[in-house]
Every structure is written in structure tokens, then in C-alpha cells.
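What the coordinates show
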Amino acid sequence: MTGTPLRLVIHAPTAASLERARRNALNLRKARPDAAVRIVVNAEAVAAALDRPDAETDPLLRVCGNTLAKLGREAEGLTVVPAAVLDIAEAQADGWSYMRA
């Protein structure tokens, strides 16, 4: 392990990428328990996240508010951000690394 904090944003825009992102996040936390990781979901992945909850990775999710509004759905118990693109851009500006699942 290095002394530098590891912070990773995993972007998941599809149902398949959400599944990959969830596995990637768990694998990262297993390898580097001190790592900060978040999964930002938008587009098709929002419905997938709502329809297939996962207790282990749901706390890592950041759900796009724009997509929720378009779908007419709510993400009770999940973190909702105004826009996935804004959340990702702000995280990168703050030094987080980006990975698309």
C-alpha cells in the first residue's frame, strides 16, 4: 500500500456495467480496504440499481437525479446526485480517479 489515498469513481451507465462496477468495487475494497470508492449510475443503470438492490454495494451508489426524473422514479435510501456528469466531473476535479465499468 502507498501513503496516497486511493479514491475511485466507477461510472456505470448500463445494467451490465452496473454489475461489473459492483464486482470491481468489492474487489478494490478487498485488495485495498482503505480505498474510497463510489459507483455513479445513470441512464439504463438507474433502473437496474433500483430493481436489483445489493446491500453490500448500494451504499456506494450515487444515482443520477436527471435519470430518476426522466423515469418518474425515486431512489429511496440511496444517494441521489443532481446529475451524474456533474458528480463525476466534480470528483475528478477533487482528485478522484475515473473508471468506466
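Higher on the page you've got the structure.
Heads up: these notes are all about the structure in this document. (Residues numbered from 1 in each chain as written. Predicted model: local features only at pLDDT ≥ 70, side-chain atom pairs only at ≥ 80, totals over all residues. Heavy atoms only, no water.)

**Focus on the side chain of Asp87**
- Take Asp87: it is sitting in helix α4 (residues 84-93).
- Relative accessible area serves as the criterion here: at 7%, Asp87 is assigned to the buried category.
- In contact with Asp87, other than residues within four places in its own chain, are Arg38, Val40, Arg62 and Val81. (Helix = DSSP H or I, 4+ residues; strand = E, 2+ residues; numbered from the N terminus. Buried < 20%, exposed > 50% of the residue type's maximum accessible area, 1.4 Å probe, protein only. Contact = heavy atoms within 4.5 Å.)

**A short note on the nonpolar core**
- By size, the foremost hydrophobic cluster in this structure holds 24 residues, and its most contacted members are Ile10, Ala12, Leu18, Ile39, Val41, Leu61 and Val63.
- Mapped onto this core, the elements with two or more residues apiece are β1 (7-12), α1 (15-31), β2 (36-41), α2 (44-51) and β3 (61-64).
- Those residues in contact with Ala12, other than ones at most four positions away along the chain, are Ser17, Leu18, Ala21, Ile39, Val40, Val41, Asn42 and Ala45.
- Core analysis: the next-biggest nonpolar cluster, separate from the first, contains seven residues, Val40, Cys64, Ala91 and Trp96 among them. (Core = buried A, V, L, I, M, F, W, Y, C linked by side-chain atoms within 4.5 Å.)

**A look at the sheet that holds β2**
- Spatially, β4-β3-β2-β1-β5 is the arrangement adopted by the five strands of the open sheet, whose pairing is parallel. Sheet topology places β4 (79-81) and β5 (97-100) at the edges, where each strand pairs with a single neighbour. The sheet shows a mean angle of 30° between the axes of neighbouring strands, direction not considered.
- Strand direction decides the pairing type here: β1 and β5, joined by four bridges, are parallel. Considered in β5, the bridge of Leu8 is made with Ser97.
- Packed onto the sheet, α1 meets β1, β2, β3 and β5 and runs at close to 175° relative to β2.
- In the packing of α2 onto the sheet, the strands contacted are β1, β2 and β3, and the crossing angle to β3 comes to about 125°. (Pairing = 2+ DSSP bridges. Axes fitted to C-alpha atoms, helices over the stretch in contact; angles between N-to-C directions.)

Treat this as a map of the structure, not an account of what it does.
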